[in-house]
Amino acid sequence: MNRRPRIAIRLDSGAVLGFGHAKRCMTIANAFRDANCDVKFVCRNNPDSYFKSATHGHDVFWIEMDCADRASHHALNSSDAESTAEICAKNGYKPDLVILDHYELDIAWEKCIRTRSNKILVIEDFLGRRHSADYVLGSSLKLKNESYFEEPAATAFLLGQE
């Protein structure tokens, strides 16, 4: 018997920032669940996280982040990617697809997590950020600029309003 595809969604949310990320990722998670995928959220253990009160039947893997981990941008990305991979492995969960919806995490995070997942999908709202992703989901058609991507020929773009 084939196992269900596994999808990990990495985002953070709180009372001040991230509510929109949480809502759109919940919509995506519900759609994947309806397609018989095994979806898990991976979030920092913020006391005011959206997922403390509303998981809609999805499991959440909580990662702890030491303030020292945030000392530099590179340290944040590598530490967070390792924490994401470790919490998934600790729970016996190897994702086939990792979805990233996070403004602080970028190409450095994607490169670190790539060895732990078959595919990466990035949800991008801004122009000009570099990525190493298999898929990019965004509302702007201008995101399809080859200078933003490490391997543009290998990146599938899911762009636009529809």
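Here we summarise the structure given alongside this text. None of these values were measured; they are calculated from a predicted model.

## Quick notes on helix α1 (residues 19-34)
Next, step 1: Across its 16 residues, α1 extends 23 Å between first and last C-alpha, which sits within 8% of the 22 Å expected from 1.5 Å per residue.
Next, step 2: If you check which residues of α1 are buried, you get H21, A22, C25, M26, I28 and A29.
Next, step 3: Summarising the contacts, the buried residues of α1 are in contact with β1 (6-10), β2 (38-44), β4 (97-100), β5 (119-123) and β6 (135-138).
Next, step 4: Taken from the residues just after α1, N36 is the one with a positive phi, measuring 70°.

## As for the sheet that holds β6
Next, step 1: Pairing in this open sheet of seven strands is parallel, and the strands run β3-β2-β1-β4-β5-β6-β7 from one edge to the other. What marks the edges here is a single partner per strand, and that holds for β3 (59-63) and β7 (156-159). Each strand axis lies, on average, 20° off the axis of its neighbour in the sheet, ignoring direction.
Next, step 2: One ladder, built from four bridges, connects β4 with β5; its direction is parallel. If you follow I99 over to β5, its bridge partner there is L121.

## Points about the pattern of salt bridges
Next, step 1: Taken as a whole, this structure holds twelve salt bridges when the rule is applied.
Next, step 2: Note that R44 and D12 form a salt bridge whose closest N and O atoms lie 3.4 Å from each other. With R44 in strand β2 and D12 in the loop between β1 and α1, the pair connects residues that are 32 residues apart, well separated along the chain.
Next, step 3: When the shortest N-O distance is used, the salt bridge between R44 and E104 registers 3.3 Å. One end of the pair, R44, is in strand β2; the other, E104, is in the loop between β4 and α3 (107-114), with 60 residues separating them in the sequence.
Next, step 4: Accessibility expressed as a relative area gives 31% for E104, which makes it partly exposed.

## Some points on the layout of surface pockets
Next, step 1: Looking at the largest pocket, its volume works out to about 330 Å³.
Next, step 2: If you go around the largest pocket, you meet 15 residues; those closest to its centre are D12, S13, L17, G18 and H102.
Next, step 3: Class assignment for the residues of the lining of the largest pocket results in four nonpolar, six polar and five charged.
Next, step 4: Looking at the second largest pocket, its volume works out to about 190 Å³.
Next, step 5: What lines the second largest pocket is a set of 13 residues, and nearest its centre among them are L137, G138, S139, L158 and G160.
Next, step 6: Every element with two or more residues in the lining of the second largest pocket is listed here: α1, β6 and β7.

Definitions and limits used
Residues numbered from 1 in each chain as written. Predicted model: local features only at pLDDT ≥ 70, side-chain atom pairs only at ≥ 80, totals over all residues. Heavy atoms only, no water. Helix = DSSP H or I, 4+ residues; strand = E, 2+ residues; numbered from the N terminus. Expected span 1.5 Å × (residues − 1). Buried < 20%, exposed > 50% of the residue type's maximum accessible area, 1.4 Å probe, protein only. Contact = heavy atoms within 4.5 Å. Pairing = 2+ DSSP bridges. Axes fitted to C-alpha atoms, helices over the stretch in contact; angles between N-to-C directions. Salt bridge = Lys/Arg side-chain N within 4 Å of Asp/Glu carboxyl O. 1 Å grid on protein atoms, 1.4 Å probe; cavity = no way out; pocket = protein on both sides within 12 Å on 5 of 7 lines; lining within 4 Å. Points joined across faces, edges and corners; volume = space filled by probe spheres on them. Nonpolar A, V, L, I, M, F, W, Y, C, P; charged D, E, K, R; others polar.

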